[in-house]
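Given next are the chains, with one letter for each unit.
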Amino acid sequence: MFTSTFTDAFALLATLDERVAEIVWLSLKVSGGAVLLGTLIGLPLGACLAVGRFPGKNLASVLVNGLMGLPSVVVGVVVYLFLSRSGPLGGFGLLYTPSAMVIAQTLLVIPLMAAIARQVVEDVWQRYAEELAVMRFNWWQSVTTLLYDCRYSLLVAVLAGLGRAMSEVGAVMIVGGNIDRATRVMTTAIALETSKGDLPLAIALGMVLVLIILLLNALAFALRHWAMRRFG
Amino acid sequence: MFPIRIQGLSFAPQDRAVLDGVDMTLGDEGITLILGPNGAGKSVLLRILCGLVEPSAGEVSWGGGARPARGVMMVFQHPMMLRASVLDNVALGLKPLGVAVAERRRRGMAVLERIGLAHRARDSAPQLSGGEKQRLALARAWLTRPRLLLLDEPTASLDPSATAEVERIIREIRTDGTRILMVTHNLGQATRLGDDIVFLADGRVCEHTLTQRFFSRPTSNEARLFIQGELPWNLGFRS
């Protein structure tokens, strides 16, 4: 059974099974969207925490660090409450749609990306703060300049966010509902197919998931390597 | 902005006097060199003048008023080099002034030509040599047309040829109308560049006089010993 499961899984991949392709494509769209939003919100948030001087800054940093380990099912439940028909955002009709899944994953990746960005930017800020102050950079100009300077180092934050989003199952299961051909992504499909005993499909999706994450890491490694050679 | 009158300026973090009642006046032109042993308070004086450090006591009057919002720039011993091109780094100084990107780059290229780095405009700035980085940092400051330029040991780790090139640029900036106040440990450089010398020791101004007079007839014992290389090493570390 063990060997035949893998043989069947490879067969599904080799024949570009339509079900597999559909699930993979939706997963990429949902996680990609969440990471894009997480990048636009989380990285500037982290940089602001590194550069800004405001009351409660340390508390905010601790909070962001703490939220890195936020359980995904908790996020799922909270987003569910907001998006359910009786919730404050129920009127938008987003529950059990890919949009709801993007929202849940975005909330999961923002603290992670912000915490990594804060650390990366803070190290550079300590070296550049005086010179930027002499040039009369305001805090927002400092944030954008530092984010640009750290762009290759911040790939780590983006990759971490992508890893978290793509491997997450609890939140998307709750707010997406794992509806076939609508909100079924790789992780929820793997969980479902395993419980049904359709292991080849689960293994095939698992292999695609691992392959995508490895490819993205290889791409990021190559980009960082190139940046190190060019910029030192 | 000028004259800049410094009166009774002190800086004593945690009750350790780094500057102790500094008085001096800077006119509107020339190059003033600040000499003194390690720990004499030279760099702190520059940091106070550009607003990075608040003095513990005393005041600085800028032409009778408060420190202007713009017009004072500082170049550090280890200047910031963003992971970007030489041109982007040099044009960076214009970003807070609200100059459009295209205009920043045009002016950046013009100043790179003046400092002899135009051919490296597209190269990575962090990969430049130490001397080239200092030239870039000077150009970045020069581009903003400062009235007062503060230089903190800009040639400290450079070889003689790179030092000569940096000195040429400093003279050119001065000729362009910028007042320069520069910290150095290099006595040869002080004689080549300085119109006048401020000698700091133990957080106090021991001497402020014309360069030639400073080296030929120093009036303070500390200055005489410093020129002879015999100033006790720990003079600047008063508790």
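All figures in this text were calculated on a predicted structure; none of them were measured in a lab.

## Quick notes on the overall build of chain B
Stage number 1. Secondary structure assignment for chain B yields eight helices and nine strands.
Stage number 2. Computed over C-alpha atoms, the radius of gyration of chain B comes to 18 Å, within 12% of the 18 Å expected from 2.2 N^0.38 for 239 residues, which places it in the range of a compact globule.
Stage number 3. When the backbone C-alpha atoms are referred to their principal axes, chain B occupies close to 50 × 40 × 35 Å.
Stage number 4. Buried residues in chain B amount to 44% of all 239 residues.
Stage number 5. Contacts spanning at least 24 positions in sequence make up 68% of the contacts within chain B whose residues lie at least 6 apart.

## Section: the overall build of chain A
Stage number 1. On a plain count of helices and strands, chain A comes out with 10 helices and zero strands.
Stage number 2. Reading the secondary structure of chain A in the N-to-C direction produces α-α-α-α-α-α-α-α-α-α.
Stage number 3. The contacts in chain A between residues at least 6 apart in sequence include a share of 80% that link residues at least 24 apart.

## Comments concerning the interface of chain B and chain A
Stage number 1. With 16 residues of chain B at the contact, the number on the chain A side is 13 residues.
Stage number 2. The residue inventory of the side of chain B that touches chain A, partitioned by class, reads 10 nonpolar, three polar and three charged.

## Things to note about the UniProt feature "domain: ABC transporter" (unreviewed entry) in chain B
Stage number 1. Per the UniProt record, "domain: ABC transporter" (unreviewed entry) is found at residues 4-227 of chain B.
Stage number 2. Counted over residues 4-227 of chain B, helix gives 34% and strand 24%. Its end C-alpha atoms are 27 Å apart.

## Here's the deal with helix 6 (residues 139-149) of chain A
Stage number 1. All of the buried residues along helix 6 of chain A are Ser142, Val143, Thr145, Leu146, Leu147 and Asp149 of chain A.
Stage number 2. Summarising the contacts, the buried residues of helix 6 of chain A are in contact with helix 2 (18-51) and helix 5 (98-134) of chain A.

## What to know about the sheet that holds strand 2 (residues 19-26) of chain B
All names here are of chain B.
Stage number 1. Reading across the sheet, the three strands line up as 2-1-4 and stay open at both edges, with antiparallel pairing between neighbours. Two strands bound the open sheet, and with one partner strand each, they are strand 2 and strand 4 (57-62). For this sheet the average axis-to-axis angle between neighbouring strands, irrespective of direction, equals 15 degrees.
Stage number 2. Alignment of strand 1 (residues 4-11) against strand 4, held across five bridges, turns out to be antiparallel. Across the sheet, Arg5 pairs through a bridge with Ser61, a residue of strand 4.

## Focus on the sheet that holds strand 8 (residues 196-201) of chain B
In a beta sheet, neighbouring strands are held together by backbone hydrogen bonds and run either parallel or antiparallel to one another.
Residues and elements named next belong to chain B.
Stage number 1. Pairing is mixed in the open sheet, where six strands are placed in the order 5-6-7-3-8-9. Each edge of the sheet is formed by a strand with only one pairing partner; in this case those strands are strand 5 (72-75) and strand 9 (204-210). Neighbour to neighbour, the strand axes of the sheet diverge by 15 degrees on average, direction disregarded.
Stage number 2. Inspection of the sheet shows strand 3 (residues 31-35) paired to strand 8 by four bridges, in the parallel sense. Among the inter-strand pairings, Thr32 is bridged to a residue of strand 8, identified as Asp196.

## Some points on the environment of Gly130 of chain B
Stage number 1. Its place among the elements puts Gly130 of chain B in helix 4 (residues 130-142).
Stage number 2. In this structure the C-alpha to C-alpha distance between Gly130 of chain B and Val198 of chain B, which are 68 residues apart in sequence, comes to 27 Å.

## Quick word on the confidence of the model for chain B
Stage number 1. The predicted model of chain B averages 93 in pLDDT, with 96% of residues at 70 or higher.
Stage number 2. Across the interfaces of the predicted complex, the ipTM metric reaches 0.90, alongside a pTM of 0.88.

## Quick word on the packing of helix 2 of chain A against helix 7 (residues 155-167) of chain A
Each packed pair of helices is defined by two parameters, the angle between the axes and the distance between the axes.
Residues and elements named next belong to chain A.
Stage number 1. At a closest axis distance of 9 Å, the pairing of helix 2 and helix 7 adopts a crossing angle of 140 degrees. As far as their axial angle goes, helix 7 and helix 2 are oblique. The crossing of helix 2 and helix 7 is right-handed. Contact with helix 2, carried on its side by Ser27, Ser31, Ala34, Val35, Gly38, Thr39, Gly42 and Leu43, involves Ala157, Val158, Gly161, Leu162, Ala165 and Met166 of helix 7 and no other residues of that element.

## Looking at the environment of Arg171 of chain B
Stage number 1. Positionally, Arg171 of chain B belongs in helix 5 (residues 160-175).
Stage number 2. Each C-alpha atom, one on Arg171 of chain B and one on Glu54 of chain B, is 30 Å from the other, the two residues being 117 residues apart in sequence.

## Quick notes on unusual backbone geometry
Stage number 1. In the segment running from Phe2 of chain B into Pro3 of chain B, the intervening peptide bond is cis, with an omega of -5 degrees.
Stage number 2. Relative to the assigned elements, Pro3 of chain B resides in the segment before strand 1.
Stage number 3. Of note, Asn178 of chain A is a non-glycine position whose phi angle comes to about 55 degrees, a positive value.
Stage number 4. Among the structural elements, Asn178 of chain A can be located in the loop between helix 8 (170-176) and helix 9 (186-196).

## Some words on helix 9 of chain A
Since the α-helix advances by 3.6 residues per turn, residues separated by three or four positions end up pointing in the same direction.
Residue and element names in this part refer to chain A.
Stage number 1. Three or more residues of helix 9 are buried, namely Met186, Thr187, Thr188, Ala189, Ile190 and Glu193.
Stage number 2. For helix 9, the elements touching its buried residues are helix 2, helix 7, helix 8 and helix 10 (199-231).
Stage number 3. Following helix 9 by one or two positions, Gly197 adopts a phi angle in the positive range, close to 95 degrees.

## Let's talk about the packing of helix 2 of chain A against helix 5 of chain A
Residues and elements named next belong to chain A.
Stage number 1. Closest axis-to-axis distance for the helix 2/helix 5 pair is 5 Å, and the angle between their directions is 35 degrees. In the crossing of helix 2 with helix 5, the sense of the turn from one axis to the other is right-handed.
Stage number 2. Of the residues contributing to the contact of helix 2 with helix 5, the split by class is 24 nonpolar, eight polar and three charged.

The rules we used
Residues numbered from 1 in each chain as written. Chains lettered and ligands numbered in written order. Predicted model: local features only at pLDDT ≥ 70, side-chain atom pairs only at ≥ 80, totals over all residues. Helix = DSSP H or I, 4+ residues; strand = E, 2+ residues; numbered from the N terminus. Rg over C-alpha atoms; globule rule 2.2 N^0.38 Å. Buried ≥ 20, exposed ≤ 12 C-beta atoms within 10 Å, placed from the backbone. Contact = placed C-beta atoms within 7 Å. Nonpolar A, V, L, I, M, F, W, Y, C, P; charged D, E, K, R; others polar. UniProt positions renumbered as here; feature names shortened; annotations may be inferred. Pairing = 2+ DSSP bridges. Axes fitted to C-alpha atoms, helices over the stretch in contact; angles between N-to-C directions. pLDDT = per-residue confidence, 0-100. Parallel < 35°, antiparallel > 145°, perpendicular 65-115°, else oblique. Left-handed = near helix turned anticlockwise from the far one by under 90°.

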